[in-house]
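# Close look at the chain arrangement
Below are the chains, spelled out letter by letter.
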Amino acid sequence: MNTGRRLALGCALAAAAWLVGCASEPQWVPPGAPRAEVLQRLGAPTATYPLPAGERLQYSRQPAGFEVNNVDLDASGHVVAVTQALDEGRFGQILVDQWRVPDVLRAFGRPEEISRVGSFQGDVWQWRYRQLNTPRLLYIYIDSQGVVRRYHTGDDLRFVPPNRP
């Protein structure tokens, strides 16, 4: 096979791989798509949650990734919204002293990590996300009754170069 043909074949294979990758990205699911098409494009969700007027299919890339995508379906099973949940603009929806564990899971999915700190009687749930390509963390503090008591964000120091001043 000559060099030109190999190059053309390589480009064609790369383009096909790119298209397959795009097809598996939640943000490429068109509004109005039926549930079956979503499942065909994205595969099985990491979680599903009932909504007042439909269903949420959740696709989480936690613990290693930085995204949790929610694909919301209406009562007839068609896509009405696709959102990337781990975005600082969405953290304001967290209702301190009102949300419980099911609300947190429905909004953000399973956390990357659950830990404890001495200054709080309960669990601290943590998610990885990116803000303008900067690795960040969302922390939600859940007390022993399963109620959200506070939340905050912070830098993900695992990605800070060791020699950074």
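In this report, we go over the structure that sits alongside the text.

What counts as what
Residues numbered from 1 in each chain as written. Predicted model: local features only at pLDDT ≥ 70, side-chain atom pairs only at ≥ 80, totals over all residues. Heavy atoms only, no water. Pairing = 2+ DSSP bridges. Helix = DSSP H or I, 4+ residues; strand = E, 2+ residues; numbered from the N terminus. Axes fitted to C-alpha atoms, helices over the stretch in contact; angles between N-to-C directions. Core = buried A, V, L, I, M, F, W, Y, C linked by side-chain atoms within 4.5 Å. Buried < 20%, exposed > 50% of the residue type's maximum accessible area, 1.4 Å probe, protein only. Contact = heavy atoms within 4.5 Å.

Now for the sheet that holds strand β8 (residues 148-155). Strand order in the open sheet formed by four strands is β5-β6-β7-β8, with antiparallel pairing between adjacent strands. Two strands bound the open sheet, and with one partner strand each, they are β5 (113-115) and β8. Pairs of neighbouring strands in the sheet enclose a mean axial angle of 25 degrees, with direction left out of account. Examined bridge by bridge, strand β6 (residues 122-131) and strand β7 (residues 134-143) share ten bridges and lie antiparallel to one another. Among the inter-strand pairings, W125 is bridged to a residue of β7, identified as I140.

This next bit is on the nonpolar core. In this structure, L86, I94, V104, F108, W127, L138 and I140 are the most contacted members of the largest nonpolar core, which totals 19 residues. Broken down by secondary-structure element, the contributors of at least two residues to this core are β1 (47-51), α3 (101-108), β6 and β7. The element best represented in this core is α3, accounting for four residues. In this structure, L138 is in contact with L86, F91, I94, W125, Q126, W127, Y129, Y151, H152 and T153, ignoring residues within four places of it in sequence.

The next thing to look at is the pairing of β7. Within a regular strand, the side chains alternate between the two sheet faces. Most of β7 is tucked away, with nine of its ten residues classed as buried. The loop that links β6 with its antiparallel partner β7 comprises two residues; one of these, L132, has a positive phi angle of about 50 degrees. Pairing of β7 with β8 involves seven bridges; the strand directions are antiparallel. From the neighbouring strand, Y141 faces β8, where its bridge partner is R150.

The four strands are arranged β1-β2-β3-β4 in an open sheet whose pairing can be described as antiparallel. In this open sheet, the two strands that pair with only one neighbour each are β1 and β4 (79-84). For this sheet, the mean angle separating the axes of adjacent strands, direction not counted, is 20 degrees. The pairing of β1 with strand β2 (residues 54-60) spans five bridges and is antiparallel. By the bridge assignment, T48 is partnered in β2 with L57. The sheet strands contacting helix α2 (residues 35-42) are β1, β2, β3 (68-74) and β4, and the helix crosses β2 at an angle near 5 degrees. Across the sheet, α3 is in contact with β1, β2 and β3; its angle to β2 comes to roughly 70 degrees.

Bringing unusual backbone geometry into the picture now. The amide bond that connects Q62 to the next residue, P63, takes the cis arrangement and shows omega of 10 degrees. Backbone geometry places L132, a non-glycine residue, at a positive phi of 50 degrees. The residue L132 is located in the loop between β6 and β7 in this model. Phi angles above zero are rare outside glycine, and N133 is one such case at about 70 degrees. For N133, a relative accessible area of 66% translates into the label exposed.

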